[in-house]
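Okay, here's what each chain looks like letter by letter:
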Amino acid sequence: MNKKLMITTTLLLLAAAAMPLCAQQSIDGVLASVERSNTTLKALRSTTDAQKLENRADVTLPDLELGFNYLWGNPTAIGHRKDFNVSQSFDIATLSGIKGKVADSKNKLVEWEYCSSRMQLLLDAKLACLDVIYYNAMLSELAARHKQAASLAELHKKRLDSGEGNRIEYNKVVLDMSMIEGEVSRLSAERAAVLAQLANLNGGEAVTISQTGYDAVALPADFELWDAQAEGKSPLLAYVRQEVEVSQKQLSLAKKQGLPSFSAGYMGEFEADQRYQGVTVGVSIPLWSNKKRVSQAKAAVLAAQARQADAKQQLYGNLKVLYDRAAGLKKTAETYRAALRATSNATLLKKALGEGEISLLDYLVEMRLYYDAVNQSLDAERSFQKAYAELSATEL
């Protein structure tokens, strides 16, 4: 294969690598699809629903108790006796509704646990989307660089063939082009891996994102005000708050279970020539079975309150770190963008090379500096977007 055909073929491969395969999907569209199709979320939803039913399984009175006795008389002349009884027990915890309240609180707890898992999964999907956009931008940039390098290589090949150029300069250009091709291969593989990760999150269905730029996002100006709002939306804080509520209701339940329970029913004794029948009433006094439950429930309340305080402090600290990091990355990205707008010398360098004002080596070195600045700019923008995504995860 001659050099010109090789260059043309490589350009086509580069274009294919950077080209979207089908219609563009927005990040919001991808996240909505993931929420619908993700098998982990479906399993968590089923588990949550089953747990809710289990939590309410014991919110009932004890079962009705039936009894029947058949007694043989001795001597036989006295006949046989039949006893029949039916009774129902009543406990204060059920009658007062505290068992139902505990079950409802537990159901809210498992729902917040589901919300927390959902938020983390959607955050993972969003971070992957941001990576794909970065790779798209880099591959688009590399395609433009390769086109320029191929044009330069073709020019030096003609000069070499005509005897005006030399093999060393031509080899420099070909080497520069090969480095671009290697970077394209690497980034294409990394993008494919992230897309495979997104497909896995999307229930096995492929995801296509063709964006090469990020949507504009505004970092909150006042962290303290924003943090106060974020606390109200955090499923993690909602979970630990609900833990406190559950433990407090468990304490009330433990106290109610220390009260006597009652039973009422009907009983009959039937003999050959006489019978006895009437009502029965009983009482059960929990002298020993509930001895430690109240103390344990009080300790559980204190433990839940400690976890709530810790979770609030940890969330504040983590968000502050993310906020400061996002602010720093935002400033870095803006600095790079401003510098590139003010100092872009690509056109001037190409003109200077064509007019012989600079050597090929100077041109390649200067362009490499410019390309490195572009790469750093794109990387800083991605880092800022991912930091902001983590910071605003409660919005998902």
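Structure shown above.
What counts, and where the lines are drawn
Residues numbered from 1 in each chain as written. Predicted model: local features only at pLDDT ≥ 70, side-chain atom pairs only at ≥ 80, totals over all residues. Heavy atoms only, no water. Helix = DSSP H or I, 4+ residues; strand = E, 2+ residues; numbered from the N terminus. Buried < 20%, exposed > 50% of the residue type's maximum accessible area, 1.4 Å probe, protein only. Contact = heavy atoms within 4.5 Å. Areas by Shrake-Rupley, 256 points an atom, 1.4 Å probe, with all protein chains shown as cover. Salt bridge = Lys/Arg side-chain N within 4 Å of Asp/Glu carboxyl O. Pairing = 2+ DSSP bridges. Expected span 1.5 Å × (residues − 1). Patch = residues over 30% accessible without salt bridge, like charges linked within 9 Å, V, L, I, M, F, W, Y side chains within 5 Å. Phe/Tyr/Trp six-rings, centres within 6.5 Å; stacked < 30°, edge-to-face > 60°. Axes fitted to C-alpha atoms, helices over the stretch in contact; angles between N-to-C directions. Core = buried A, V, L, I, M, F, W, Y, C linked by side-chain atoms within 4.5 Å. Lys, Arg positive; Asp, Glu negative; His and termini not counted. Charge placed at Lys NZ, Arg CZ, Asp CG, Glu CD. Polar contact = N/O pair within 3.5 Å; in protein donor to acceptor, adjacent residues only side chain to side chain.

Undergrad: Would you mind going over the overall build of the protein chain in detail, with residue names and values included?
TA: Summing up its helical and strand segments, the protein chain has 11 helices and 4 strands in all. Looking at the 396 residues of the protein chain, the share that counts as buried comes to 35%. Sequence-distant contacts in the protein chain: of pairs separated by 6 or more residues, those separated by 24 or more amount to 81%. When the accessible surface of the protein chain is summed, it comes to about 22,700 Å², and 56% of that surface belongs to carbon and sulfur atoms.

Undergrad: Before we move on, could you go through the pattern of salt bridges and cite the residues and values that matter?
TA: Per the stated rule, a full pass over the model turns up 19 salt bridges. Of the charged contacts in the structure, one is a salt bridge between glutamate 190 and arginine 186, with a shortest N-O distance of 2.8 Å. Of this pair, glutamate 190 and arginine 186 both sit in helix α6 (residues 167-201), separated by 4 residues, roughly a single helical turn. A salt bridge links glutamate 243 to arginine 307; the shortest N-O distance between them is 3.2 Å. In this pair, glutamate 243 is assigned in helix α8 (residues 235-257) and arginine 307 in helix α9 (residues 293-343), connecting sequence segments 64 residues apart. Judged by its relative accessible area of 16%, glutamate 243 is buried.

Undergrad: Please give an account of the pairing of strand β4 (residues 275-284) that cites residues and values.
TA: A small share of β4 lies buried, amounting to 0 of its 10 residues. One ladder, built from 10 bridges, connects strand β3 (residues 261-270) with β4; its direction is antiparallel. Its bridge partner being in β4, glycine 268 is matched across the sheet by glutamine 277.

Undergrad: Now, about the pairing of β3: what can you tell me, with residues and values included?
TA: Where strand β2 (residues 81-90) meets β3, 9 bridges bridge the pair, whose relative direction is antiparallel. Residue glutamine 88 lies in a different strand from β3, and its bridge partner there is alanine 264. From the end of β3 to the start of β4, which pair antiparallel, there are 4 residues.

Undergrad: Talk me through α6; I want residue IDs and the actual numbers.
TA: Relative to the 51 Å expected for 35 residues at 1.5 Å per residue, α6 spans 51 Å between its end C-alpha atoms, a close match to the ideal helical length. Phi for glycine 203, located one or two positions after α6, is positive at around 70°.

Undergrad: Quick one: what's the story with a nonpolar patch on the surface, residue by residue and with numbers?
TA: A contiguous nonpolar surface patch, about 710 Å² in accessible area, is contributed by Leu64, Leu66, Phe68, Tyr70, Trp72 and Phe84. Relative to the helices and strands, leucine 64 resides in the loop between α3 (39-55) and β1 (65-71). Residue classification places leucine 64 among the exposed positions, given a relative accessible area of 52%.

Undergrad: Describe the packing of aromatic side chains, naming the residues involved and giving the relevant values.
TA: What the rule picks out here adds up to 8 aromatic pairs. Ring plane angle 40° and centroid distance 6.2 Å describe the contact between phenylalanine 223 and tryptophan 226, whose orientation is recorded as tilted. Of the two residues, phenylalanine 223 and tryptophan 226 are both situated in helix α7 (residues 223-233); the distance of 3 residues between them amounts to about one turn of the helix. Just as phenylalanine 223 is buried, tryptophan 226 falls in that class too.

Undergrad: Please give an account of α8 that cites residues and values.
TA: Its 23 residues give α8 an end-to-end C-alpha distance of 32 Å, which sits within 8% of 33 Å, the value for a rise of 1.5 Å per residue. Pro235, Leu237, Ala238, Val240, Gln242, Glu243, Val244, Val246, Ser247, Leu251, Leu253 and Ala254 are the residues of α8 that are buried.

Undergrad: Residues and numbers for the sheet that holds β3, please.
TA: The 4 strands are arranged β1-β2-β3-β4 in an open sheet whose pairing can be described as antiparallel. Strands with a single pairing partner mark the edges of an open sheet, and in this sheet they are β1 and β4. Within this sheet the neighbouring strands show an average axis-to-axis angle of 15°, counted without direction.

Undergrad: Outline the environment of glycine 204, supporting the account with residue identities and numerical values.
TA: Residue position: glycine 204 is located in the loop between α6 and α7. Expressed as a C-alpha distance, the spacing of glycine 204 and asparagine 38, which sit 166 residues apart in the sequence, is 8.3 Å.

Undergrad: Tell me what's going on with the nonpolar core, and back it up with residues and numbers.
TA: Ranked by size, the top nonpolar core spans 39 residues in total, and within it Val30, Val34, Leu198 and Ile209 carry the most contacts. Broken down by secondary-structure element, the contributors of at least two residues to this core are α2 (27-37), α5 (98-162) and α6. With 21 residues, α5 is the single largest residue contributor to this core. Grouped together as the second largest cluster of nonpolar side chains are 17 residues, Trp226, Ala230, Leu315 and Leu322 included.

Undergrad: Break down a positive patch on the surface for me, with residues and values.
TA: Where like charges cluster on the molecular surface, the positive patch consists of Lys101, Lys255, Lys256 and Lys298. Position of lysine 101 among the secondary structure elements: in helix α5. Accessibility expressed as a relative area gives 46% for lysine 101, which makes it partly exposed.

Undergrad: So what about the side chain of serine 105? Which residues, and what values?
TA: Among the structural elements, serine 105 can be located in helix α5. Look at serine 105 and you get buried, because its relative accessible area is 2%. At a separation of 3.0 Å, a polar atom in the side chain of serine 105 contacts the side chain of glutamate 245. Not counting chain neighbours up to four residues away, the residues in contact with serine 105 comprise Gln242, Glu245, Val246 and Lys249.

Undergrad: Which residues make up the environment of leucine 236, and what values do they have?
TA: Looking at the secondary structure, you find leucine 236 in helix α8. Spatially, the C-alpha atoms of leucine 236 and cysteine 115 are 8.6 Å apart, while their sequence positions differ by 121 residues.

Undergrad: A description of the environment of leucine 142 should follow, citing residues and the corresponding values.
TA: Position of leucine 142 among the secondary structure elements: in helix α5. As for leucine 142 and glutamate 183, which are separated by 41 residues in sequence, their C-alpha atoms are 8.0 Å apart.

On their own, these measurements won't tell you what the molecule is for.
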